[in-house]
Amino acid sequence: MEHQLLCCEVETIKRAYQDANLLNDRVLQTMLKAEENYLPSANYFKCVQKEIVPYMRKIVATWMLEVCEEQKCEEEVFPLAMNYLDRFLSVEPTKKTRLQLLGATCMFLASKMKETIPLTAEKLCIYTDNSIRPGELLQMELLVLNKLKWDLASVTPHDFIEHFLSKLPIHQDTKQILRKHAQTFVALCATDVKFIANPPSMIAAGSVSAAVQGLHLKNVDHMLSSQNLTEFLSQVIKSDPDCLRACQEQIESLLETSLRQAQQHNISSETKTLDEEVDLSCTPTDVRDVNI
Amino acid sequence: MFYGRLQALNEVPAKDLFSVGIYKRLLLFFVFSDQFCIVLFFIQIDIMDLKKGILLSSSNRKVCRNLFGPVDRDQLHAEYQEILQKVTQDSALKWGFDFVNETPLEGSNYQWERVPSGKVPALYRSCFVTASIQGIRLGKENEPVALEQTGKPFSCQNQESTPKKCSSGVLKRKQTNITDFYQSKKMFVQRTEKA
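About the cut-offs
- Residues numbered from 1 in each chain as written.
- Chains lettered and ligands numbered in written order.
- Predicted model: local features only at pLDDT ≥ 70, side-chain atom pairs only at ≥ 80, totals over all residues.
- Heavy atoms only, no water.
- Helix = DSSP H or I, 4+ residues; strand = E, 2+ residues; numbered from the N terminus.
- Buried < 20%, exposed > 50% of the residue type's maximum accessible area, 1.4 Å probe, protein only.
- Contact = heavy atoms within 4.5 Å.
- Areas by Shrake-Rupley, 256 points an atom, 1.4 Å probe, with all protein chains shown as cover.
- pLDDT = per-residue confidence, 0-100.
- Axes fitted to C-alpha atoms, helices over the stretch in contact; angles between N-to-C directions.
- Parallel < 35°, antiparallel > 145°, perpendicular 65-115°, else oblique.
- Left-handed = near helix turned anticlockwise from the far one by under 90°.
- Nonpolar A, V, L, I, M, F, W, Y, C, P; charged D, E, K, R; others polar.
- Core = buried A, V, L, I, M, F, W, Y, C linked by side-chain atoms within 4.5 Å.
- Phe/Tyr/Trp six-rings, centres within 6.5 Å; stacked < 30°, edge-to-face > 60°.
- Salt bridge = Lys/Arg side-chain N within 4 Å of Asp/Glu carboxyl O.

### Focus on the overall build of chain A
- A tally of helices and strands in chain A yields 14 helices and zero strands.
- The secondary structure elements of chain A, listed N-terminal to C-terminal, are α-α-α-α-α-α-α-α-α-α-α-α-α-α.
- Within chain A, the fraction of its 292 residues that count as buried is 52%.
- At a minimum sequence separation of 6, the contacts of chain A that also span at least 24 residues come to 77%.

Given below as structure tokens:
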């Protein structure tokens, strides 16, 4: 009976350890060069699309993220799928009614690229409330592959995060939290139109430094102070520090907007628990004094 | 590390975070528990909550939904046929082979030669997927169970005769677990001992 008391919330998929040999400068340089080939065009809403407007991308992105979360997909699947979606929309004028099919197809492909057990066509069709059939998903798959020239090995911000973390003077446990936060910011960026033009390395660097600030790690090491970190990461990605700072600020303001929206939603749905939680917001000041 | 995190709660969006209800449990545990592993466990949960709080603000909405109305089925099918034809034509030109009728084209850079199917590796032969594959498609959560259920076809006998795997209609595996190999190795050792 005892074994049944074990925590069952661990990953069921067996995975290899990260290969430390791949976290070197040669790989990083190759990735920085390669990412250019997978950038969508920044202004496809104006130049290519006639029916699709930015808010529709937001709707389909939110839906895709929800599906990925519910299916417990690998973190990379969602940003990769969004990259496919943007690249497709950069070259192909698409009807509004086909946007969800496109989103499902991109998740289908990204999942096949990144996951041990990929999402099935049937499952994805259920998530569209059966408005598409598996056969149509497979047909769309060929259309998408053709437009992407069968090149699905896009570089994603996730590929860079590991490199950046390996360069920072942080304890392993803190790294785990930092990674999670940075990955959340990456997903957040993928849902927002403003970040389409930014290369993955920039998004990753901005997310990591936003996470470092958010977690208030700057006291851990002087290298992690806002300015030093931005300087350092901008050198790593060979970019202008001001650009990176702007990207980080954009991420932070997006985070704030999203939190506010979440808050508004919460106010409308759980008004009664709000008082209790406002109370709690004073707690950390006391808790900080607790010696652990 | 925990110290840093608690400070973070006081940082910029702290008020917002609290009203979303994130970190509540984390704090309670800081106060009442000094057990390292328990605290860590709660941190993990709360990061998930952070994500839900920020990204999935309206999480009580149904995920299964149709966003923009019905798909243009007929047009999609037409476009698909068009592209399929184009892809087939392109590859026929590229390889000098008519893949539809399975005959070599004349005047290409390649010379084609017929090889009997018995002489090619199993990988290139047509595979029949049996009903047992459904056992493996149970989804992520049930994966270990599914592997146990379908464990039979991967005994050592099958491992030794890979070409038979396809021709005898045994399903082609998607993913190999390291435990599969342990299992078959164990069986192998036992058998040799008996013999």
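After that view of the structure, there is still more to cover.
### Looking at the overall build of chain B
- Helices and strands together make up the secondary structure of chain B, namely ten helices and two strands.
- The helix and strand sequence of chain B, counted from the amino end, reads α-α-α-α-α-β-β-α-α-α-α-α.
- Classification of the 195 residues of chain B by burial places 36% in the buried group.
- For chain B, the proportion of contacts with a sequence separation of at least 24, taken over those separated by at least 6, is 43%.
- Here chain B displays about 13100 Å² of accessible surface, and carbon together with sulfur accounts for 56% of that area.

### Focus: the confidence of the model for chain A
Residue and element names in this part refer to chain A.
- In the predicted model, chain A carries a mean pLDDT of 87, and 87% of its residues have values of at least 70.
- Helix α4 (residues 77-91) holds the highest mean pLDDT among the elements of chain A, 97, whereas helix α14 (residues 283-287) holds the lowest, 33.
- Every residue in residues 272-292 is under pLDDT 50, and counting partners more than four places away or in other chains gives 28 contacts.

### Examining the packing of helix α7 (residues 134-147) of chain A against helix α5 (residues 73-95) of chain B
- Put simply, α7(A) and α5(B) touch, their axes get as near as 9 Å, and they point 50 degrees apart. By the angle between their axes, α7(A) is oblique relative to α5(B). Crossing hand, α7(A) versus α5(B): left-handed. Residues Glu136(A), Gln139(A), Met140(A), Leu142(A), Leu143(A) and Asn146(A) of α7(A) form the contact with α5(B), whose participating residues are Arg73(B), Leu76(B), His77(B), Glu79(B), Tyr80(B), Ile83(B), Leu84(B) and Val87(B).
- For the contact of α7(A) with α5(B), the class distribution of residues is eight nonpolar, three polar and three charged.

### Things to note about the nonpolar core
- Formed by 56 residues in total, the largest nonpolar core has its most connected members in Trp63(A), Met64(A), Phe78(A), Leu102(A) and Met107(A).
- Looking at this core, the elements that each hand over two or more residues are α2 (44-47), α3 (54-70), α4, α5 (99-114), α6 (121-127), α7 and α9 (172-191) of chain A together with α5 of chain B.
- With sequence-adjacent residues up to four places away left out, Phe78(A) is seen in contact with Ala61(A), Met64(A), Leu65(A), Cys68(A), Ala187(A), Ala190(A) and Thr191(A).
- In this structure, Leu28(A), Leu165(A), Met202(A) and Leu233(A) belong to the second largest nonpolar core, which totals 42 residues.

### Overview of the packing of aromatic side chains
Residue and element names in this part refer to chain A.
- Tallied over the full model, the rule gives five aromatic pairs over all chains.
- Seen from their ring centres, tyrosine 44 and phenylalanine 45 are 4.5 Å apart, and the 40 degrees between their planes marks the pair as tilted.
- We classify tyrosine 44 as buried; its relative accessible area is 0%.
- Among the residues examined, phenylalanine 45 registers a relative accessible area of 14% and is labelled buried.

### Observations concerning the pattern of salt bridges
- Per the counting criterion, the structure on display carries 18 salt bridges over all chains.
- A salt bridge links Glu92(A) to Lys147(A); its shortest N-O distance comes to 3.3 Å. Of this pair, Glu92(A) sits in the loop between α4 and α5 while Lys147(A) sits in helix α7, and the two are 55 residues apart along the sequence.
- For Lys147(A), a relative accessible area of 32% corresponds to the partly exposed category.
- Between Arg133(A) and Glu136(A) there is a salt bridge, with its nearest N and O atoms 3.6 Å apart.
- The class for Arg133(A) is partly exposed, based on a relative accessible area of 48%.
- Under the relative-accessibility criterion, Glu136(A) is labelled buried at 6%.
- Taken together, the salt bridges that share partners define one network made up of Lys95(A), Arg98(A), Asp72(B) and Glu79(B).

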